[in-house]
Amino acid sequence: MQSQMKESDPILEVKNLFASTNNLPILKGVSLAVYPGEIHAIMGRNGCGKSTLSKIIAGHPSYNITDGDIKFSGENINALEPEERSQAGIFLGFQYPIEIPGVSNLEFLRVSTNARRKFLNKEELDTFDFEELVKEKLELVKMDQAFLSRSVNQGFSGGEKKRNEILQMALLEPKIAILDETDSGLDIDALRIVASGIKKISNAQTGIILITHYQRLLDEIEPNYVHVMADGQIIKTGGSDLALELEKKGYEWTDNFVKET
Amino acid sequence: MEIIEKIKTNKLVENQTEIQKICLDKLQSSPLPNPKSELWRLSDKSKFSTFLDYSVNEKDLKFDTPYPKNSQNTIRLIIGENCQIKLIEDNYSIQQLSEHELDKYIKDQISCFDQNENWSDLLNLSLSCKKNILGLKINGSKIPPIEIFSHASCNSLNAKTLVILLEKNCDIQLLQVNLGKDNSSLSQSTFFFLEENSTLTHGVVSYGKNGSNLLNSLNVIQQKNSKYNLGSLHFKFNYARFEINIKQSEGNAKTNIKGMQITKKDEQISTYTKINFNGPNGFLDQINKSLADDKSHAIFEGSIIVPKIAQKTDASQLSRNLLLSDLAQIDTKPQLEIIADDVKCKHGATISQLNEEELFYMRTRGITLAEASKLQLSSYFQEIISFIPVSKDRWDLLDKILNEN
């Protein structure tokens, strides 16, 4: 399906990517292209390399790319620092958002937003202007302003942490957002709020990669492509019906694929 | 070390006061602390000898470091310069101790001194001339915050002493600032006596310059129902020791301590605390943080003594440490000495590095590694700095720590 003719260039292109950590190979030849306006879902068993792929795209220093390329807007970003990737428009929504005690959420969001705005040659926002902007974005994820005065993610419930991730995505206006198990730990209402936020932020110029185990997020946000990962590779790509098939069949068949290879 | 020779030959200071004579007499038999004792074994001998290498200076040179602007409602005193104070208001009074009161209090203290544990005080009181000893008695409430400065002079060893008696029901905020100069040594000894129901919220900020050394000793006696809060910060010294000795003389008192030391380059800064519960129902909550970078060395040794009389003591001591370099060194030893059987005491120590996952998280939000490290460090410092009373904002402590090398 990825071989279909596209009118524009991909935002993100991962070509035959091999990566390891502590000399342990994790990714074993992943290829993926995300075009503007597309939503991709990556599914697979725990430990198959989904989260690692997201971290490597975001530039985690603990992983080494041993072969292959990551191209963003046509440029190879293998050597870019995580902050440079973020400033350029790559957003990673964490499966387990990190708590940073003592750092106020408001200040953290303002510094992050200004780093992105600086890259986009937009005027940096002072505290007053930023508060206006953030109030507007809080609406998207139905968060209370009280969250802003607390330390980053500290004392937040699982759902609040995920909503805070989507708030950050809304403020940073990325070209591509990789959302790693954003649906995990959410009740139905919270899932709907998060999914609605993602849909409002995404547009015809942005790409989204949803990493998930479950169909329920994909019921809310229908993907154009579903990829199945096993043992550090994408072993099958299909449309949204592939996710429904996985829901019925489970992942056992992917083990056979791993054994055969 | 010329100073040791002078102690041995009793030629350290001219026109000795009675207190100086008593202390010099005690030092003459063994002029140096025992390097094998627990309190001194980790002390860098060469740095310690640098401390003692400067000649004693009783007359301060004009101090040219600009102090931050004084707030109108703060009382500011500089030991050795403008120590004359007598404020008698409707609801409070601050007066200098008479010579007799001061002598009596100090002599009582000296009579309990141990050669190793109080070596810094013995040296201080051997050196401190009358001009450099500030003694105050304070009573009342709604007292304006007080700032007290001690500073060293270049290429010399200065000794400053502070004695404060807080009378019953008194409640004050006091910030003590010890400033080092280039190539200097400062000996600062402080004695507080908190009478019943009094509260002292005390901040100690000590920061040096290139080649500054500091021996900072703090002795606190708390009577029952008194409350002593201490927030302290020591940084930028070639060699510094902060010795805290607190005695809850009858128990039933509260002590809260939040302290931090920051070492860089090849500096060595150490904190030694001894908290002695001499009665029941005492309370202590202590946290000491160290941050060591480059090739520096930070030391914390804390001891909590709970004798049989100190039943129902509730004491907690935590040492948290951050190592920023492979070559830096941190030694930490929180310890409990408990005889009483009905107490709640806990202690612990952690040593860690900057949290990589926190840093990565911030970097994925466009924050550079340098900024992310600064944010993480500022959150590490904040807990301590927010505990330091009086004009901490004007001192811009966080900026100083994060930006000075």
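It should be emphasised that the depicted structure is a prediction, and the values quoted were computed from it without experimental measurement.

**Re the overall build of chain A**
1) Next: Within chain A, the regular secondary structure consists of ten helices and twelve strands.
2) Next: Counting only C-alpha atoms and orienting by the principal axes, one finds that chain A spans roughly 60 × 40 × 40 Å.
3) Next: Burial status across chain A gives 46% buried among its 261 residues.

**Here's the deal with the overall build of chain B**
1) Next: What chain B contains, in helices and strands, is eight helices and 19 strands.
2) Next: Relative to the compact-globule value of 22 Å for 405 residues, chain B shows a C-alpha radius of gyration of 21 Å, a close match.
3) Next: Over its C-alpha atoms, taken along the principal directions, chain B stretches across nearly 65 × 50 × 50 Å.
4) Next: Contacts in chain B between residues far apart in sequence, at least 24 positions, make up 84% of those at least 6 positions apart.

**Re the sheet that holds strand β4 (residues 64–72) of chain A**
Residue and element names in this part refer to chain A.
1) Next: With antiparallel pairing, the four strands of this open sheet are ordered in space as β2-β1-β4-β5. The strands lining the two open edges of the sheet, one partner per strand, are β2 (24–34) and β5 (75–76).
2) Next: Contacting β1 (12–21), β2 and β4, helix α1 (residues 50–58) crosses the sheet at an angle of about 75° to β2.

**Quick look at the domain arrangement of chain B**
Residue and element names in this part refer to chain B.
1) Next: In terms of domain boundaries, chain B breaks down into domain 1 (250–353) and domain 2 (355–405).
2) Next: On a C-alpha basis, the centroid separation for the pair domain 1 and domain 2 is 23 Å.
3) Next: The interface of domain 1 with domain 2 comprises seven residues on the first partner and seven residues on the second.
4) Next: The greatest single-element share of the side of domain 1 that touches domain 2, amounting to four residues, is contributed by strand β13 (residues 254–263).

**Brief notes about the sheet that holds β13(B)**
Residue and element names in this part refer to chain B.
1) Next: Strands sit in the order β1-β5-β7-β9-β11-β13-β15-β17-β19 across an open sheet of nine strands; the sheet is parallel. For this open sheet the edge positions go to β1 (75–78) and β19 (344–352), each flanked by a neighbour on one side alone. Mean inter-strand twist for the sheet, computed between neighbouring axes without regard to direction, equals 10°.
2) Next: Strand direction decides the pairing type here: β13 and strand β15 (residues 283–292), joined by ten bridges, are parallel.

**A word on the packing of helix α3 (residues 105–119) of chain A against helix α6 (residues 158–172) of chain A**
Residues and elements named next belong to chain A.
1) Next: One can describe the packing of α3 onto α6 by two numbers: an axis separation of 9 Å at closest approach and a directional angle of 35°. Our pair here, α3 against α6, has a crossing hand that is right-handed. Residues Leu109, Ser112, Thr113 and Arg116 of α3 pack against Gln168, Leu171 and Leu172 of α6.
2) Next: Broken down by class, the residue content of the contact of α3 with α6 amounts to three nonpolar, three polar and one charged.

**Side note on unusual backbone geometry**
Residues and elements named next belong to chain A.
1) Next: Of note, Asn23 is a non-glycine position whose phi angle comes to about 65°, a positive value.
2) Next: Tracing the sequence through the fold places Asn23 in the loop between β1 and β2.
3) Next: Here the phi dihedral of Ser73 falls at roughly 50°; this positive angle occurs in a residue that is not glycine.
4) Next: Its place among the elements puts Ser73 in the loop between β4 and β5.
5) Next: Judged by C-beta crowding, with 15 C-beta atoms within 10 Å, Ser73 ranks as partly exposed.

**What to know about the pairing of strand β8 (residues 184–194) of chain B**
Taken residue by residue, a regular strand's side chains alternate between the two faces of the sheet.
Residues and elements named next belong to chain B.
1) Next: In terms of burial, β8 is a largely internal element, eleven of the eleven residues being buried.
2) Next: Judged by which residues are buried, β8 turns out to be covered on both faces: Ser184, Leu186, Gln188, Thr190, Phe192 and Leu194 on one side and Ser185, Ser187, Ser189, Phe191 and Phe193 on the other are all buried.
3) Next: Inspection of the sheet shows strand β6 (residues 157–166) paired to β8 by ten bridges, in the parallel sense. From the neighbouring strand, Ala159 faces β8, where its bridge partner is Ser187.

**A closer look at the packing of α6(A) against helix α7 (residues 188–201) of chain A**
Residues and elements named next belong to chain A.
1) Next: Running from N to C, α6 and α7 cross one another at 5°; their axes reach a closest spacing of 10 Å. Comparing their axes, α7 and α6 come out roughly parallel. Contacts between α6 and α7 involve Gly159, Lys162, Arg163, Ile166, Met169 and Ala170 from the first element and Ala190, Ile193, Val194, Gly197, Ile198 and Ile201 from the second.
2) Next: Looking at the contact of α6 with α7 residue by residue, the classes come out as eight nonpolar, two polar and two charged.

**Concerning the nonpolar core**
1) Next: Counting residues in each nonpolar core, the largest one holds 87 residues, and the members touching the most others are Ile138(B), Ile164(B), Leu166(B), Ile172(B), Phe192(B) and Leu194(B).
2) Next: The dominant element in this core, judged by the number of residues it contributes, is β6(B), at six residues.
3) Next: Here this core spans two domains, and each of domain 1 (250–353) and domain 2 (355–405) of chain B adds at least three residues to it.
4) Next: Apart from residues no more than four positions distant in its own chain, Ile172(B) is found in contact with Ile138(B), Ile143(B), Ile146(B), Leu166(B) and Leu200(B).
5) Next: The next biggest cluster of nonpolar side chains, apart from the first, holds 79 residues, and it includes Ala19(A), Phe94(A), Ala177(A) and Met362(B).

**Comments concerning helix α5 (residues 119–127) of chain B**
1) Next: For α5(B), the buried fraction is high: nine of the nine residues fall into the buried class.
2) Next: Of the surrounding secondary structure, the elements contacted by the buried residues of α5(B) are α2 (18–29), α4 (99–111), β6, β8, β10 (212–222) and β12 (239–248) of chain B.

**Some thoughts on the environment of Phe277(B)**
All names here are of chain B.
1) Next: Here Phe277 is to be found in strand β14 (residues 268–277).
2) Next: Note on Phe277: 33 C-beta atoms within 10 Å, which makes it buried.
3) Next: Once you skip the residues sitting within four places of it in the chain, Phe277 turns out to touch Gln248, Gly251, Gly282, Ile305, Val306, Ala310 and Thr313.

**Observations regarding the environment of Ile351(B)**
1) Next: By the element assignment, Ile351(B) lies in strand β19.
2) Next: Here Ile351(B) is in contact with Asn321(B), Leu323(B) and Ile330(B), once residues within four sequence places are set aside.

**Quick look at the environment of Lys137(A)**
All names here are of chain A.
1) Next: On the secondary structure map, Lys137 appears in helix α4 (residues 127–140).
2) Next: Of the residues examined, Lys137 has 21 C-beta atoms within 10 Å and is grouped as buried.
3) Next: As a C-alpha pair, Lys137 and Ser202 span 65 residues in sequence and 14 Å in three-dimensional space.
4) Next: When residues no more than four places from it in sequence are discounted, the contact partners of Lys137 are Leu167, Ala170 and Leu171.

**Side note on the pairing of strand β3 (residues 92–96) of chain B**
Residues and elements named next belong to chain B.
1) Next: Alignment of strand β2 (residues 86–88) against β3, held across three bridges, turns out to be antiparallel. From the neighbouring strand, Ile88 faces β3, where its bridge partner is Ser93.
2) Next: Here β2 hands over to β3 after three residues, the two strands then running antiparallel side by side.
3) Next: Taken together, the five bridges between β3 and strand β4 (residues 133–140) define a ladder with antiparallel strand orientation.

Rules used throughout
Residues numbered from 1 in each chain as written. Chains lettered and ligands numbered in written order. Predicted model: local features only at pLDDT ≥ 70, side-chain atom pairs only at ≥ 80, totals over all residues. Helix = DSSP H or I, 4+ residues; strand = E, 2+ residues; numbered from the N terminus. Buried ≥ 20, exposed ≤ 12 C-beta atoms within 10 Å, placed from the backbone. Rg over C-alpha atoms; globule rule 2.2 N^0.38 Å. Contact = placed C-beta atoms within 7 Å. Pairing = 2+ DSSP bridges. Axes fitted to C-alpha atoms, helices over the stretch in contact; angles between N-to-C directions. Domains from an automatic or database assignment. Left-handed = near helix turned anticlockwise from the far one by under 90°. Nonpolar A, V, L, I, M, F, W, Y, C, P; charged D, E, K, R; others polar. Parallel < 35°, antiparallel > 145°, perpendicular 65-115°, else oblique. Core = buried A, V, L, I, M, F, W, Y, C linked by C-beta atoms within 7 Å.

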